[in-house]
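Observations on the three-dimensional arrangement
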Amino acid sequence: MAASYAMYQEQILEHYKKPRHRGPLEGATHEARESNPLCGDDLTLRLRVEGSGRIEEARFEGQGCAISLASADMLAERIVGKGVGEAEVVSPRDVQAMLGIPLSAVREKCAVLALDVLRQALRRKAPGSGT
Amino acid sequence: MARASNLPLQVPSIKRDFPIFERTIHDKPLVYLDSAATSQKPRAVIDAEADFYGRYNANVHRAIYELGEEATREYEGARERIAGFVRAKSPNEIVFTKSTTEAINLVAYGIGVKGRIREGDEIVGTVLEHHSNHVPWHFVKEHRGAVLKYVDIDDDGRLRMEAYDELLTKRTKIVTVAHASNVLGTINDVREIAKRAHEVGAVCVVDAAQSVPHLPVDVQALGCDYLAFSGHKMLGPTGIGVLYGREDVLAETEPLLGGGEMIREVHLGTSTWTDVPFRFEGGTPNIAGAIGLGAAVDYLAKLGMDAVRRHEIELTAYALEALGGLDGVRVYGPRDAKARSGVVSFTMEAAHPHDIASILDVEGVCIRSGHHCAQPLMERLNVPATARASFYVYNDIEDTDRLVAGLRKVHEVFA
């Protein structure tokens, strides 16, 4: 692939085409949904957090471009097994580093959508989770 | 199928009039397919603006010196040429605004929010409008209790004209419609819609942002009351738009902006307004923009709007066929190129519109992706976003070939 397609390097396409954390989540304790109407991106993130505060599982659903969906998958991968406190401090810069590519101002919004959803999910109990 | 040699416009020589085509994008020649968002500018327009600032810059209308007279003459000359371009009866029917959006807001305010609309009065729009022809009417609903109703589209992306039978009643006060859809390209039958509006005593407001740049528009033949368009989509500068209003309806429209330029007399606590159209142009206008738009109109008139229209039909027909032949590509809007303006929206199974646009950008091809400021239409089509290629006088068959080659690359990356 030509160097100019850097935005779509292997790892991003890998996460986009074969996401490991996409789909419904049984027994979710936390949930949030966020959209970017400008792009038509729409992400729901569900977390299962143990009593100790460890994130046991994270899964997302929704639609979006390769950048936003790959970010969601990579972010889910990064926080599983971590404590809530560690997930809370993930920054937009960390997301950029995970993607490993420079993004234009316009596309940066695609990349940080997943982070917005994560921050909200950490504060919002899933409906019917009872905890 | 169309070939470069028999296109109505001589694209190679037109391209030489547009300095931007001298540059490259990522080391590739620029293919600009986003004129529905904003058009490129010919040197004549750029020079006209610079000439105003460099040679005869002065405020218009009241300066008692040569520079001011020259500025006023050119500003009003532009108004006359624009009136002629859309076949208005008089330059007094042409109001300069900053954009189509401001023009529609002027009408929504001038006959709606501050005008004669009462609670329960109805405004009939359509599902295919740009946000600029939705939101101003939301204001009228909020402030006056107006009821908003919408005409739907059929599977071919055309308005269900029979819906007007049911929706238009004596409660209808305003009927508003886009002359051409910025997403589907659909050219709507404004003449018929205006006639139907008048039958129930309503006024007809037309968003012509996507039609005046691309096809011959005759406001008298259309029979509409108001018609709004933007300079920057028709080779002119940004920051200048036009509201056409028939003289009698403008006289009954309240001004949006109070201030200098628009008054006859001002006393402490009260004021009276000057004549149409100046009462709608409060504040120092965009003089350079209006003069630039005058130059754009001259340029288009020289090409001939009939030729511009035929050129775009050829390009659109070619693009519809080329894109329709690609695997996993879905094209929206009327299948007949003659029923649409030079706008082709599409989606690809394998890739989100943003990703399509990013890959095409690397290939030097500029297209738009997203909701195109038409979220209600996106909802109606049940898509989050589309990619959109749009054509103008400087596009040729090769541009579509470059687009198609780019889409094959998108397929390679994502499939």
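Residues numbered from 1 in each chain as written. Chains lettered and ligands numbered in written order. Predicted model: local features only at pLDDT ≥ 70, side-chain atom pairs only at ≥ 80, totals over all residues.

Check the secondary structure of chain A and you find five helices and three strands. When the helices and strands of chain A are placed in sequence order, the string is α-β-β-β-α-α-α-α. On the principal axes, the C-alpha backbone points of chain A span a range of 50 × 25 × 25 Å. The buried share among the 131 residues of chain A stands at 37%. Sequence-distant contacts, at least 24 apart, represent 65% of the contacts inside chain A between residues at least 6 apart. (Helix = DSSP H or I, 4+ residues; strand = E, 2+ residues; numbered from the N terminus. Buried ≥ 20, exposed ≤ 12 C-beta atoms within 10 Å, placed from the backbone. Contact = placed C-beta atoms within 7 Å.)

Here we come to the overall build of chain B. Helix and strand content of chain B: 14 helices and 17 strands. Reported as C-alpha extents along the three principal axes, the dimensions of chain B are approximately 70 × 55 × 30 Å. Burial statistics for chain B: of 415 residues in total, 53% are counted as buried. Intrachain contacts of chain B at a sequence separation of at least 6 include 72% that bridge at least 24 residues.

Interfaces are often described in size by the accessible area the parts lose on coming together. Contact residues are listed per partner, giving 14 residues for chain A and 13 residues for chain B. In terms of residue class, the side of chain A that touches chain B is built from nine nonpolar, four polar and one charged. (Nonpolar A, V, L, I, M, F, W, Y, C, P; charged D, E, K, R; others polar.)

With that settled, the discussion passes to the sheet that holds strand S13 (residues 329–331) of chain B. Paired through their backbone hydrogen bonds, the strands of a sheet run either parallel or antiparallel. All names here are of chain B. Sheet architecture is open: four strands sit in the order S13-S14-S17-S16, paired in antiparallel fashion. Each having just a single partner strand, S13 and strand S16 (368–370) make up the two edges of the open sheet. This sheet shows a mean twist of 30 degrees between the axes of neighbouring strands, independent of strand direction. In this sheet, strand S17 (residues 386–390) lies alongside S16 in antiparallel orientation, the contact comprising three bridges. Within the sheet, the bridge partner assigned to glycine 370 lies in S17 and is threonine 386. On top of the sheet, helix H11 (residues 305–324) reaches S13, strand S14 (343–348) and S17; it is set at about 10 degrees to S14, its chief contact. (Pairing = 2+ DSSP bridges. Axes fitted to C-alpha atoms, helices over the stretch in contact; angles between N-to-C directions.)

We now examine helix H5 (residues 105–123) of chain A. Residue and element names in this part refer to chain A. With 19 residues, H5 ought to run about 27 Å at 1.5 Å a step, and its terminal C-alpha atoms sit 27 Å apart, in line with that. Of all the bends in H5, the greatest measures close to 35 degrees and is centred on valine 112. Looking at H5, one finds that the buried residues are Arg107, Cys110, Ala111, Val112, Leu113, Ala114, Val117, Leu118 and Ala121. (Expected span 1.5 Å × (residues − 1). Bend = angle between axes of the 7 residues up to and from the residue.)

The predicted model of chain B has a mean per-residue pLDDT of 96, with 99% of residues at 70 or higher. Interface confidence in the predicted complex, given as ipTM, is 0.84; pTM for the same model is 0.93. (pLDDT = per-residue confidence, 0-100.)

Residues and elements named next belong to chain B. Looking at chain B, the domain boundaries give domain 1 (4–32 + 304–414) and domain 2 (46–301). Spacing between the C-alpha centres of domain 1 and domain 2 amounts to 28 Å. Between domain 1 and domain 2, the residue contacts involve 24 residues of the former and 22 residues of the latter. At the level of secondary structure, the elements contributing two or more residues to the side of domain 1 that touches domain 2 comprise H11, S14, helix H13 (375–381) and S17. (Domains from an automatic or database assignment.)

Residues and elements named next belong to chain B. Strands sit in the order S4-S10-S9-S8-S7-S5-S6 across an open sheet of seven strands; the sheet is mixed. A strand with exactly one partner marks an edge of an open sheet, and here the two such strands are strand S4 (94–97) and strand S6 (147–151). Across this sheet, the average inter-strand angle for adjacent strands is 20 degrees, counted without regard to direction. One ladder, built from four bridges, connects S4 with strand S10 (residues 241–245); its direction is antiparallel. Its bridge partner being in S10, phenylalanine 96 is matched across the sheet by valine 242. Against the sheet, helix H5 (residues 135–144) makes contact with strand S5 (122–126), S6 and strand S7 (172–178), and its axis sits at roughly 160 degrees relative to S5, the strand it touches most.

Here we come to the nonpolar core. Of all hydrophobic cores here, the largest spans 124 residues; its most connected members are Cys204, Tyr226, Ala228 and Val242 of chain B. Ranked by the residues each element gives to this core, the list is headed by helix H10 (residues 287–303) of chain B, at 10 residues. In terms of domain composition, this core takes at least three residues from each of domain 1 (4–32 + 304–414) and domain 2 (46–301) of chain B. Sequence-distant contacts of tyrosine 226 of chain B, that is, excluding residues within four places in its chain, are made with Val107, Val203, Val205, Val206, Leu243, Tyr244, Gly245 and Val249 of chain B. Counting 35 residues, the second-largest nonpolar core is a separate cluster that includes Tyr8, Ala70, Ala76 and Val112 of chain A. (Core = buried A, V, L, I, M, F, W, Y, C linked by C-beta atoms within 7 Å.)

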